[in-house]
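# Architecture at a glance
Spelled out, the chains give:
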Amino acid sequence: GFGQRSVRTATSPLALHMDAALILQNKGGGHGEIGYHVAKQLRDKGLDVLLLQANDAKMDKAPFKDYPELQALGVEIENIDLADNAAVTEALKGKSFTHVFDNWAKDVATVETVAALAKDQWNVKSYCYVSSAGMYQGNVPQPMTEDCDTKETGQRKVEEFLRVQALPFTAFRPQYIYGPKTNKRDYVDWFFHRITRDRICPLPGDGSQMASVSHVEDVASMMTSVVGKEEAAAGQVFNCGTETYVSYQQICDMVAETVGKAATTKGYNPKDFELPKGAFPFRNTDFYVSPAKAKQVLGWSSSRTLKDDMGWYYESYKAAGQDTKEIDFSADEIILK
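Below is a summary of the structure that appears in this document. Computed from a predicted structure; not experimentally measured. (Residues numbered from 1 in each chain as written. Predicted model: local features only at pLDDT ≥ 70, side-chain atom pairs only at ≥ 80, totals over all residues. Heavy atoms only, no water.)

## Digging into the environment of Thr98
Mapping Thr98 onto the fold places it in the loop between helix 3 (85–91) and strand 4 (99–103). According to the relative accessible area criterion, Thr98 is buried, its value standing at 7%. Spatially, the C-alpha atoms of Thr98 and Met18 are 8.7 Å apart, while their sequence positions differ by 80 residues. (Helix = DSSP H or I, 4+ residues; strand = E, 2+ residues; numbered from the N terminus. Buried < 20%, exposed > 50% of the residue type's maximum accessible area, 1.4 Å probe, protein only.)

Take a look at the structure:
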């Protein structure tokens, strides 16, 4: 249940001047740690926070196992079935929020319940939706801007739905995320797995393709920057990524320098091979987003770079036992044989 002090109720005198945020957090994956960092930053900004956690998450894994850290900061956390509209409605009964951060909905059916409460009961200042930059068409100019052509994904449909609702919605389209408490390590680990074990890194093409590999604190800080800038953010879509792009070859070189080994790479044409999904953690082509709009409209800037983060990342890699565990290199063998 909720303490009177830390979350405002619809009848609370605090409701007049205290902002309160609701975070809906998915079970994990590429966006699994966003809720943790958003909650932490919102508390730093003085908002009350309720985090509704999808109860199919693996609670013994990061970031979920570290939720006591959030609770120590005054974040309220409830584990519920977010797909059960009755359970969600019950959990939110009698409560009111000024801000929503939805890091769960993947289609219109999963956004409708909370969107209706936000619009009809809470009259929110801001409804932030964590969308995805994966929706851009593969053939669009790089770096990708918010007006580039998209596929009709479930997330794109959520964006369109929120716009039609006339909610003060803001959609964020993150790309590749790394950082503390990550729920999906593959993006950078792929390179460490090979270089720490003196293996060749097979790179699609010549490895000069650029990617937007962003620290989760930068991703979260863009989202939380809407606090105090709700009017400017309303009705807007923002690419959510770092200002510093890296090529696949550059990641190899940075990892090699960090672990004190040489990086050996080999280019290949992906069309020449039948490779399993996930054989390489990024696209075969350039695929990176421009955050220029967020810089201009929200006054946001990124504070982290993958290069500067290599040292602690390597320590976290070893601490997680990744340097000694058995890795499946069968996809590499198909290319290198």
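## Observations regarding helix 6 (residues 186–195)
Given 3.6 residues to a turn, an α-helix orients residues that are three or four positions apart in the same direction. Within helix 6, 9 of the 10 residues are buried, which leaves the element mostly enclosed by the surrounding structure. All of the buried residues along helix 6 are Tyr187, Val188, Asp189, Trp190, Phe191, Phe192, His193, Arg194 and Ile195. Buried residues along helix 6 sit against strand 7 (176–178), strand 8 (201–204), strand 10 (213–215), helix 9 (248–259), helix 11 (306–319) and helix 12 (330–336). (Contact = heavy atoms within 4.5 Å.)

## Thoughts on the layout of surface pockets
Of the voids in this model, the largest pocket is the one considered here, and its volume is about 1200 Å³. In this structure, the largest pocket is lined by 48 residues; those nearest its centre are Lys184, Asp186, Tyr187, Lys277 and Pro281. When residues of the lining of the largest pocket are traced back to their parent elements, those giving at least two are strand 7, helix 6 and helix 12. Here the lining of the largest pocket gets 5 residues from one element, more than from any other, and that element is helix 6. The residue inventory of the lining of the largest pocket, partitioned by class, reads 22 nonpolar, 15 polar and 11 charged. Empty space within the second largest pocket amounts to approximately 470 Å³. Every residue lining the second largest pocket is counted, 19 residues in all, and those nearest its centre are Lys61, Ala62, Thr182, Asn183 and Lys184. Across the lining of the second largest pocket, the residue classes break down as 6 nonpolar, 6 polar and 7 charged. (1 Å grid on protein atoms, 1.4 Å probe; cavity = no way out; pocket = protein on both sides within 12 Å on 5 of 7 lines; lining within 4 Å. Points joined across faces, edges and corners; volume = space filled by probe spheres on them. Nonpolar A, V, L, I, M, F, W, Y, C, P; charged D, E, K, R; others polar.)

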